[in-house]
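Results of the structural survey
Spelled out, the chains give:
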Amino acid sequence: AGMVFRGEVHCSDRSYVAEIEVIVDGIPQKTMSMPASFRHRSLDVYWNLDMPYKRHSFAFRWLNPRSDASIYLYDALLFKRAGK
């Protein structure tokens, strides 16, 4: 099984890079860097393509918030691989 979360950061300061801690099943997994600049950002916020096939919980913690920035998460793709 696997999943991909997609989103982006908007900020008046295009040099800003949001730091997002990804927590899966209550355990911190990774800190993702999300640049506000459209030239440098990736729309994939977090992915894990090798997860056990079961119910999971996901949380995101914004480590360096700013009043002039917003984070948008707008897609979650969940899948199960054939034969697994």
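See above for the structure.
One structure accompanies this document, and this report is about it. Since the model is a prediction, treat every value here as computed from it, not as a measurement.

1. A short note on the sheet that holds strand β2 (residues 17–24)
Taken in spatial order, the three strands of this open sheet run β3-β2-β5, and their pairing is antiparallel. Across the chains shown, the open sheet's two edge strands, defined by having one partner strand only, are β3 (27–35) and β5 (58–62). Averaged over all adjacent pairs, the angle separating strand axes in this sheet is 25 degrees, with direction ignored. In the sheet, β2 pairs with β3 via eight bridges, with the strands oriented antiparallel. Following the sheet pairing, Ile-23 is matched in β3 by Pro-28.

2. What about the packing of aromatic side chains?
Overall, the coordinates contain two aromatic pairs when judged by the stated rule. Look at Phe-5 and Phe-58: their rings are 5.1 Å apart centre to centre, the planes differ by 70 degrees, and that puts the pair in the edge-to-face class. With Phe-5 in strand β1 (residues 2–11) and Phe-58 in strand β5, the pair connects residues that are 53 residues apart, well separated along the chain. Classification of Phe-5 as buried rests on a relative accessible area of 11%. According to the relative accessible area criterion, Phe-58 is partly exposed, its value standing at 27%. Taking the centre distance of 5.1 Å and the plane angle of 85 degrees together, the rings of Phe-5 and Phe-60 count as edge-to-face.

3. Brief notes about the nonpolar core
Within the largest apolar cluster, 16 residues are counted, with the highest numbers of intra-cluster contacts made by Val-9, Tyr-16, Ala-18, Met-34 and Tyr-46. Elements supplying a minimum of two residues to this core: β1, β2, β3 and β4 (44–48).

4. Structural notes on the pattern of salt bridges
As enumerated under the stated definition, the model contains five salt bridges in all. Note that Asp-13 and Arg-66 form a salt bridge whose closest N and O atoms lie 3.2 Å from each other. Taken together, the positions of Asp-13 in the loop between β1 and β2 and Arg-66 in the loop between β5 and β6 (69–79) put the pair 53 residues apart, joining distant regions of the chain. Linking Arg-66 and Asp-68 is a salt bridge whose minimum nitrogen-to-oxygen distance equals 2.9 Å. For Arg-66, a relative accessible area of 30% gives the class partly exposed. Among the charged side chains, a network of salt bridges with common partners joins Arg-6, Asp-44 and Asp-75.

Cut-offs applied
- Residues numbered from 1 in each chain as written.
- Predicted model: local features only at pLDDT ≥ 70, side-chain atom pairs only at ≥ 80, totals over all residues.
- Heavy atoms only, no water.
- Pairing = 2+ DSSP bridges.
- Helix = DSSP H or I, 4+ residues; strand = E, 2+ residues; numbered from the N terminus.
- Axes fitted to C-alpha atoms, helices over the stretch in contact; angles between N-to-C directions.
- Phe/Tyr/Trp six-rings, centres within 6.5 Å; stacked < 30°, edge-to-face > 60°.
- Buried < 20%, exposed > 50% of the residue type's maximum accessible area, 1.4 Å probe, protein only.
- Core = buried A, V, L, I, M, F, W, Y, C linked by side-chain atoms within 4.5 Å.
- Salt bridge = Lys/Arg side-chain N within 4 Å of Asp/Glu carboxyl O.

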